[in-house]
Amino acid sequence: MALMPRKVKYRKSQRGKNRGLAINGSRLHFGEYGLKSLQNGYVLSNHIEAARVIVARKTHGSGKFFINVFPHKSITKKPAETRQGKGKGDLFGWVVAVKRGLILFEISGIPEEFAKQVLRLVAFKLPIRTKFVTRLGTH
C-alpha cells in the first residue's frame with residue numbers, strides 16, 4: 001500500500017527547489033525518540049512504507065510509531081533509452097521534499113536502546129542521512 005494523495009488538482013508537478021532548513025516539524029511532538037534528517041532530498045512513499053513495516057515487525061505492536069511526513073509531490077520519469085523532447089514523462093511515484101532538520105518519524109512507549117535499534121534499521125531504508133534524537137537532546 002503506497003501512500004499518495006486522494007485527489008490532486010494537477011497530476012504532474014514541477015521540480016522546484018529543495019534547500020534550506022526545516023523550521024516547522026524540527027522538534028519532537030508526539031514521541032519520546034525520533035529520526036531527524038541531516039540532508040535535503042526526496043523520500044519516496046515506498047521508503048515510508050518500508051519504515052512502517054520494519055517498526056511493525058520489530059516492536060510486535062508495543063509502543064507507538066508516528067509518521068510525520070506525507071508524500072504530496074508527484075515525480076515523473078521518462079522510460080530508459082528515450083530521446084529528449086516529446087513532453088514530460090509518466091508519473092513515477094509520490095515523494096516528500098525533506099529539508100535538513102525535519103523529524104521524519106517518532107516512536108514512544110519502548111526503551112531508549114530498543115528505539116535506537118529500531119530507528120537505525122529504519123534509517124538504512126531511507127535515501128538521506130538521518131540522526132537519532134530524544135526529548136532531552138541528541139545522541
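## Quick notes on the pattern of salt bridges
Then step 1. Summed over all chains, the structure comprises one salt bridge.
Then step 2. A salt bridge links R52 to E49; the shortest N-O distance between them is 2.8 Å. Placement of the pair is R52 and E49 together in helix α1 (residues 45-59), with a separation of three residues, close to one helical turn.
Then step 3. A relative accessible area of 35% means that R52 is categorised as partly exposed.
Then step 4. Owing to a relative accessible area of 16%, E49 belongs among the buried residues under this scheme.

## Section: α1
Then step 1. Its 15 residues place the ends of α1 21 Å apart at the C-alpha level, agreeing with the 21 Å of an ideal helix rising 1.5 Å per residue.
Then step 2. Those residues of α1 not exposed but buried are S45, H47, I48, E49, A51, I54, V55 and T59.
Then step 3. Tucked inside the fold, the buried residues of α1 contact β2 (41-44), β3 (64-67), β5 (90-98), β6 (103-108) and α2 (112-124).
Then step 4. After α1 finishes, the residue H60 shows a positive phi value of roughly 55°.

## A few points about the sheet that holds strand β7 (residues 130-134)
Then step 1. One open sheet holds the four strands; their spatial order is β3-β6-β1-β7, and the pairing between them is antiparallel. Strands at the two margins of the open sheet, each flanked by one partner only, are β3 and β7. Ignoring strand direction, the axes of neighbouring strands in this sheet form an average angle of 20°.
Then step 2. Bridging between strand β1 (residues 33-37) and β6 involves four bridges; their strand directions are antiparallel. Within the sheet, the bridge partner assigned to L35 lies in β6 and is F105.
Then step 3. Sheet contacts for α1: β3 and β6; angle to β3, the most-contacted strand, approximately 175°.
Then step 4. Where α2 meets the sheet, it contacts β1, β3, β6 and β7, and its direction lies at approximately 30° from that of β1.

## Some remarks on the nonpolar core
General note: in soluble globular proteins, nonpolar side chains tend to be found buried as a group.
Then step 1. Counting 25 residues, the largest nonpolar core has L104, F105, I107 and V122 as the members making the most contacts within it.
Then step 2. Where this core is concerned, the elements lending two or more residues are β1, α1, β5, β6 and α2.
Then step 3. Among residues more than four places away in sequence, those in contact with I107 are G31, E32, Y33, V55, T59, K64, F65, A115, V118 and L119.

## Comments concerning α2
Then step 1. Taking 1.5 Å per residue, 13 residues should reach 18 Å; α2 reaches 19 Å between its end C-alpha atoms and fits that length.
Then step 2. Buried within α2 are the following residues: A115, V118, L119 and V122. The arc enclosing the buried residues of α2, seen along the axis, measures out at 95°, which places them on a common side. For α2, the exposed residues lying more than 90 degrees away from the buried face are E113, R120 and F124.
Then step 3. For α2, the secondary structure elements touched by its buried residues are β1, α1, β3, β6 and β7.

Calculation criteria
Residues numbered from 1 in each chain as written. Predicted model: local features only at pLDDT ≥ 70, side-chain atom pairs only at ≥ 80, totals over all residues. Heavy atoms only, no water. Salt bridge = Lys/Arg side-chain N within 4 Å of Asp/Glu carboxyl O. Helix = DSSP H or I, 4+ residues; strand = E, 2+ residues; numbered from the N terminus. Buried < 20%, exposed > 50% of the residue type's maximum accessible area, 1.4 Å probe, protein only. Expected span 1.5 Å × (residues − 1). Contact = heavy atoms within 4.5 Å. Pairing = 2+ DSSP bridges. Axes fitted to C-alpha atoms, helices over the stretch in contact; angles between N-to-C directions. Core = buried A, V, L, I, M, F, W, Y, C linked by side-chain atoms within 4.5 Å. Arc of directions from axis to C-beta.

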